[in-house]
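# Report on the structure
Each chain, written out:
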Amino acid sequence: MQPVKLLLVEDEAQMARLLQRGLSEEGHQVDVCSRGEDALIQAANVSYDAIVLDWSLPDLDGVSVLRQWRESGLSTPVLMLTARGSTGEKVTGLRAGADDYLVKPFDFDELLARLEALARRGAGTNASAQLGSVSLDAKRRCLARSGAEVTLTAREFALANELWSHAGDVLSRSRLLSSVWGTDFDGLPNVVDVYVGYLRTKLSELGADDIEIAAVRGIGYRLRKVTQ
Ligand code: CA
């Protein structure tokens, strides 16, 4: 297994120390947060291959942290740890966007195996997507063209990811709203247009003139090559 970069969110100091030491001994790089608020900031600023998230934290609970990550477009695989083993809570965790789930007490080797599987899966989905001269780099969360790159916010990235994953297809505003902002979004529907504007600005900063995010009147948008 290649060394991976992990975020461990766990407030119990002894548990955090044990896991950090065990994972480091396997060659992985591990950052630790003991509070939900810190974890939100940390994951927004650093790109991780996978996250271990404890359910019960002193400020925000793990499920709320996870929901906020997913709403902001963070797609990093998350394994939730919990002392609760009931099916209802497992479902809640998975619905909130967890990729896997482990009940305490657990075997370290099992955590390691599951985490490495998740990090591998994450690496697969982090492949960059290319259209024309511009690639969307999920690992670095940026748009890149001939050596230059512009960083995207989490939300811009989530929108770009939809467009690049379905290049050539017409995507409706409502589809983009639900996939990027979530079905419980209650803001203005023109938020899609606003963010498409941000992405267009970034494409022009890169000097990308061979692709465009074209408006499809009355429907939505389509990422396509410009026919010259
Ligand atoms: Ca805890």
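A short tour of the structure in this document, coming up. As the structure is a prediction and not an experimental result, all values here were calculated from the model.

## A closer look at the packing of aromatic side chains
Taken as a whole and assessed by the stated rule, the structure comprises 1 aromatic pair. Between tyrosine 195 and tyrosine 198 the ring centres are 4.9 Å apart and the planes differ by 70 degrees, which places this aromatic pair in the edge-to-face class. Within this pair, tyrosine 195 and its partner tyrosine 198 are both found in helix 8 (residues 191–205), separated by 3 residues, close to a single helical turn.

## Re the coordination of the calcium ion
Taken together, Asp11 (OD), Glu12 (OE), Asp54 (OD) and Ser56 (O) make up the full set of protein donors to the calcium ion, lying 2.0 to 2.8 Å away. All donors of the calcium ion come from a single chain, and their spacing in sequence reads D-E-x41-D-x1-S. Here glutamate 12 is found in the loop between strand 1 (5–9) and helix 1 (13–25), whereas its partner serine 56 is found in the loop between strand 3 (50–54) and helix 3 (62–71), with 44 residues between them in sequence. A relative accessible area of 38% places glutamate 12 in the partly exposed class. For serine 56, a relative accessible area of 37% corresponds to the partly exposed category.

## Some thoughts on the environment of aspartate 61
When you line up the elements, aspartate 61 lands in the loop between strand 3 and helix 3. Residue classification places aspartate 61 among the partly exposed positions, given a relative accessible area of 31%. In this structure, the C-alpha to C-alpha distance between aspartate 61 and glycine 36, residues 25 residues apart in sequence, is 6.7 Å. At a separation of 3.0 Å, a polar atom in the side chain of aspartate 61 contacts the side chain of serine 64.

## Structural notes on the side chain of threonine 76
The topology assignment puts threonine 76 in the loop between helix 3 and strand 4 (78–82). Once residues lying within four places of it in the same chain are set aside, the contact partners of threonine 76 are Tyr48, Asp49, Ala50, Ile51, Arg70 and Asp99.

## Regarding the pattern of salt bridges
Side-chain pairing between opposite charges can occur once the charged atoms of the two side chains come close. Counted according to the given criterion, the structure contains 11 salt bridges. A salt bridge links glutamate 110 to arginine 114, with the nearest nitrogen and oxygen atoms 2.7 Å apart. With glutamate 110 and arginine 114 both in helix 5 (residues 108–125) and 4 residues apart, this pair spans about one turn of that helix. Look at glutamate 110 and you get partly exposed, because its relative accessible area is 34%. Note on arginine 114: relative accessible area 25%, which makes it partly exposed. Here glutamate 156 ties to lysine 202 by a salt bridge, and the two come within 2.7 Å at their closest N and O atoms. Placement of the pair is glutamate 156 in helix 6 (residues 154–165) and lysine 202 in helix 8, with a sequence separation of 46 residues. By relative accessible area, which is 5% here, glutamate 156 ends up buried.

Reading the values: rules and limits
Residues numbered from 1 in each chain as written. Predicted model: local features only at pLDDT ≥ 70, side-chain atom pairs only at ≥ 80, totals over all residues. Heavy atoms only, no water. Phe/Tyr/Trp six-rings, centres within 6.5 Å; stacked < 30°, edge-to-face > 60°. Helix = DSSP H or I, 4+ residues; strand = E, 2+ residues; numbered from the N terminus. Donors = N, O, S within 2.8 Å, 3.2 Å for Na, K, Ca; no water. Buried < 20%, exposed > 50% of the residue type's maximum accessible area, 1.4 Å probe, protein only. Polar contact = N/O pair within 3.5 Å; in protein donor to acceptor, adjacent residues only side chain to side chain. Contact = heavy atoms within 4.5 Å. Salt bridge = Lys/Arg side-chain N within 4 Å of Asp/Glu carboxyl O.

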